[in-house]
Each structure stands twice: as structure tokens, then as C-alpha cells.
Amino acid sequence: MTSIEFYISYQIFLELTECVQYLHKKHIIHRDLKPDNVLISMDGRIKLCDFGLAKDVDSIDWYRMSKAKHTADVGPVDYMAPEAQTYHYNHKIDIYSLSLIGAQIFDFDTYDIIEGKLEGKTRMFAHFITIADNYVK
């Protein structure tokens, strides 16, 4: 990946992260984040679509599961957090999906990430984690 490609990837991922952060501030869990649901407009803006599985929850708490009743096992499992296949999950399932999308944007092998094999790309991944950490703040 060239430095220009990295910069473009970074900008796309940053804006995508801001989209998900906005949803979570509005107490919405998307629950179906995947590349097919991320659009790039003619002016280069990132847009999320397909809110068919989205869920409005009472609150977004980083340390507790949502008290809302959830539906288990909805949507394709390729980008789904493992806990989303149960009834006990919160907004962090979107962050899991977001990380897999980011992995593809930055040309990681998503299966290596799922399995915890990051050997050769740890420096770029550390930068990737910094972006995610900024999301939390």
C-alpha cells in the first residue's frame, strides 16, 4: 500500500468511524455493518445505509449490556461479532464489524484478525488501534 493509498484509506475509515460514533451517540446500534452497507457519495462523503436491523436502545453504556431485548442471529455472520449471535450484546458489536471493515480498507486479511494472527502488520495495526481508541474518547 502506497502512502497515498494509506492516506485515502485512513480518511475513509476515519469518516466511517465518525458515522458509527454518531449512531451510538443517538443510541442506535446498526447491527449490520458490512462493506455493502457503506457508500461513497459523488463528493467523497461516506454514507451508511440499510438500517433494517438497526436497534434503538435506551442507553449506550461501555461497561454493561443493553437492557433492550435483542434478536439473536440476524444478518450475515461474515462481519458479525460472535456475541451478536446471542441475545446478550451491546453497541460494541458495531465496533467489531467496523474493525473488520477497517481491516479490509487497510488490506489486512480479516481471517488473520479474527484468529489473532497479526504478525507482519503490527505497526499499521497499532495505528489502526489508535484511531479506534480515539473513537472511545
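- The protein chain appears in an unreviewed UniProt entry as Protein kinase domain-containing protein from Oppiella nova.
- For the protein chain, the Sequence similarities (unreviewed entry) comment in UniProt is given as "Belongs to the protein kinase superfamily. Ser/Thr protein kinase family. GCN2 subfamily."

**Observations regarding unusual backbone geometry**
Moving on, step 1. Even without glycine at this site, His 27 takes up a positive phi of about 65°.
Moving on, step 2. You can see His 27 is positioned in the loop between helix 1 (3–25) and strand 1 (28–29).
Moving on, step 3. Judged by its relative accessible area of 29%, His 27 falls in the partly exposed class.
Moving on, step 4. Unusually for a residue other than glycine, Arg 31 sits at a positive phi of about 70°.
Moving on, step 5. Along the polypeptide, Arg 31 turns up in the loop between strand 1 and strand 2 (38–40).

So, how was this worked out
- Residues numbered from 1 in each chain as written.
- Predicted model: local features only at pLDDT ≥ 70, side-chain atom pairs only at ≥ 80, totals over all residues.
- Heavy atoms only, no water.
- UniProt positions renumbered as here; feature names shortened; annotations may be inferred.
- Helix = DSSP H or I, 4+ residues; strand = E, 2+ residues; numbered from the N terminus.
- Buried < 20%, exposed > 50% of the residue type's maximum accessible area, 1.4 Å probe, protein only.

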